[in-house]
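Here's the letter readout for the chains.
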Amino acid sequence: MFGHASPVDSSDGHTAPTAQLPRHIETLFESGRKKSVDLQRKTHPKDPLSENMIEALIRIRDNRDQDAFVTVFRHFAPRVKAFLMRSGADATLAEECVQEVMATVWHKAAQFDPSRASVSTWIFTIARNKKIDVLRKQRRPEPEDLPWGPESEPDQAEALGLQQESEKLGAAIAALPQKQRDLIEKAYFGDLSQSEIAEQTGLPLGTIKSRIRLALDRLRHAMDAT
Amino acid sequence: MSDKRPNTITHHLTDELLLGYSAGTLPEAVNLIVATHVSLCDDCRAAVEAYDALGGATMDHLETVDVSDACLDGALDLIRNGAWAAPDRPLVPQDSVLPQPLRDYVGGSIEDVKWRPVGMGVKQAILPTTSDASARLLYIPAGTAVPDHSHGGMELTLVLKGAFSDEDGTFARGDIEVAHEDMHHTPVADISEDCICLAVTDAPLKFKGLLPRIAQRFVGI
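Our subject in this report is the structure included herewith. This one's a predicted model, so the numbers in the text were calculated from it and none came from an experiment.

From N to C terminus, chain A includes 9 helices and 2 strands. Helices and strands appear in chain A in the N-to-C order β-β-α-α-α-α-α-α-α-α-α. Residues classed as buried in chain A amount to 49% of the 226 residues present. Pairs at least 24 residues apart make up 67% of the contacts formed inside chain A by residues separated by at least 6 positions. In the structure as shown, chain A presents an accessible area of about 10800 Å², 51% of it carried by carbon and sulfur atoms.

It is worth spelling out the nonpolar core at this point. Across soluble globular proteins, nonpolar side chains show a tendency to be buried alongside one another. Counting 104 residues, the largest nonpolar core has Phe73 of chain A together with Leu137 of chain B as its most contacted members. Viewed by domain, this core spans two of them, domain 1 (22–138 + 154–174) and domain 2 (176–226) of chain A, each represented by three or more residues. Setting aside residues up to four positions removed in sequence, Phe73 of chain A forms contacts with Pro78, Val98 and Met102 of chain A together with Val67, Cys71, Leu72 and Ala75 of chain B. Grouped together as the second largest cluster of nonpolar side chains are 10 residues, Val122, Val159, Phe171 and Cys197 of chain B included.

With that settled, the discussion passes to the packing of aromatic side chains. Residue and element names in this part refer to chain A. Tallied over the full model, the rule gives 10 aromatic pairs over all chains. Here the aromatic rings of Phe69 and Phe73 are separated by 6.3 Å at their centres, their planes lie at 45 degrees, and the arrangement is tilted. With Phe69 and Phe73 both in helix α3 (residues 66–86) and 4 residues apart, the pair spans about one turn of that helix. For the pair shown, Phe69 and Phe73 are each scored as buried. With centroids separated by 5.9 Å and ring planes inclined at 45 degrees, the aromatic side chains of Phe83 and Phe124 adopt a geometry described as tilted.

Let's shift gears to the interface of chain B and chain A. Listed by partner, the interface residues are 72 residues for chain B and 75 residues for chain A. Between chain B and chain A, the buried area comes to about 6500 Å², and carbon and sulfur atoms account for 61% of it. Where chain B packs against chain A, one counts 5 salt bridges. The salt bridge involving Glu144 of chain A is made with Arg103 of chain B; its shortest N-O contact spans 3.8 Å. For the pair chain B and chain A, the interface holds 25 residue pairs in polar contact (both at pLDDT 80 or more). Taken together, the elements giving at least two residues each to the side of chain B that touches chain A come down to α1 (15–23), α2 (28–40), α3 (42–61), α4 (69–81) and α5 (100–106) of chain B. Grouping the constituent residues of the side of chain B that touches chain A by class yields 35 nonpolar, 18 polar and 19 charged.

Let us now look at the packing of helix α4 (residues 91–107) of chain A against α4 of chain B. To describe two helices that pack against each other, one gives the angle between their axes and the distance between the axes. Viewed as axis vectors pointing N to C, α4 of chain A and α4 of chain B meet at an angle of 40 degrees, and their least axial separation amounts to 9 Å. By the criterion of interaxial angle, the relationship of α4 of chain A to α4 of chain B is oblique. Considering how the two elements wind past one another, α4 of chain A and α4 of chain B form a crossing that is right-handed. Of the residues in α4 of chain B, those touching α4 of chain A at Glu95, Val98, Gln99, Glu100, Ala103, Trp106 and His107 of chain A are Ala70, Cys71, Gly74, Ala75, Leu78 and Ile79 of chain B.

Attention now goes to the pairing of strand β7 (residues 176–179) of chain B. Residue and element names in this part refer to chain B. Here β7 shows no split at all, with Ile176 and Val178 on one side and Glu177 and Ala179 on the other all buried. As judged from the 4 bridges shared by strand β4 (residues 155–161) and β7, these two strands associate in the antiparallel manner. Paired with Thr157 across the strands is Glu177, a residue of β7.

Reading guide: rules and limits
Residues numbered from 1 in each chain as written. Chains lettered and ligands numbered in written order. Predicted model: local features only at pLDDT ≥ 70, side-chain atom pairs only at ≥ 80, totals over all residues. Heavy atoms only, no water. Helix = DSSP H or I, 4+ residues; strand = E, 2+ residues; numbered from the N terminus. Buried < 20%, exposed > 50% of the residue type's maximum accessible area, 1.4 Å probe, protein only. Contact = heavy atoms within 4.5 Å. Areas by Shrake-Rupley, 256 points an atom, 1.4 Å probe, with all protein chains shown as cover. Core = buried A, V, L, I, M, F, W, Y, C linked by side-chain atoms within 4.5 Å. Domains from an automatic or database assignment. Phe/Tyr/Trp six-rings, centres within 6.5 Å; stacked < 30°, edge-to-face > 60°. Buried area = accessible area lost by both parts, 1.4 Å probe. Salt bridge = Lys/Arg side-chain N within 4 Å of Asp/Glu carboxyl O. Polar contact = N/O pair within 3.5 Å; in protein donor to acceptor, adjacent residues only side chain to side chain. Nonpolar A, V, L, I, M, F, W, Y, C, P; charged D, E, K, R; others polar. Axes fitted to C-alpha atoms, helices over the stretch in contact; angles between N-to-C directions. Parallel < 35°, antiparallel > 145°, perpendicular 65-115°, else oblique. Left-handed = near helix turned anticlockwise from the far one by under 90°. Pairing = 2+ DSSP bridges.

Here is the structure:
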């Protein structure tokens, strides 16, 4: 998970810990998925909130259910607004963008696949793209779609596995030391590069980089433990 | 169809680039080279999905900001009455050199690239992105000799066709070199085939920086 261990951090010349960090996403989202399905009743109580959000999104997708839309809006709009304001939007612009992000959720609900992304992740990517469009005024280059075969039936077990991984990730983030968590939040939601974070906080760039690296390592370990 | 493609790519994106792409904090030209590499590399595609999951989970934990009732009313109005033009990607035919993100920027296939000669048989085509970083396609004739050279800022080079080698190894299709200003390399183009790369630089263009490092070396500036 979270990319590759790069053997050399060329910007400050330090050698990163080279013990090849496991490429979790493969284990996590393939073998890990099956494993967690077996384990889930014993070890992971389901999170009722994320259950509700998945159900609501599926009701939007399949029944164009406006009550379900209100449910999703009430949960996510304050989060998307917080994200946009931390990226530099004022309250008025942030609310305009929130409306458009939530309308996009409604219109693109057919593309939501609970076996590929959690509701939070999916809405985060829509909000992020809105930020790039409105605040950074850039196009967003997206990767080529994978040449998947004919659309297969959504896999319940996969969706369940992914949901559990997402909950685990949420718990791992909540358990990060405050300083590391702050930096992860800044990296995602301050609209700052790592050098800009260094300028803003007055911390040396090397400190920023190593704290972010430590946070990622910690998350990798948390995701690896069963 | 969903079988994993054999992954022959050995030079990947860094954590910093993956995180920045997911967070949406990179210059457009850098996003373009990330999206192009991810189009060719299943490992980095999976890593980007993991970083998106981190973004989603972090957004869940943000301190929320209250939203006005008018905002909800406006959203309901948008879903009931708003026109929705699905921003579908224009279908550009497959191309064995340019993955989709580059076809989007070229507006066609490799045959549609408007090359301009820059000397020694090297050609380039600058792609339209925001000016905080620049992206260009480079065409380098097979076997061109390369003098050692250093440069300013960060430079990313992604091989699309052919190959080059330097102290870090061999870079073939899909491999990305992440070079910083303190690096001194002497890349050598593959003798057997012309090389096409996507090069992105984040430094403001200086007089010597008119060409990315790799092209400077190839043309011997």
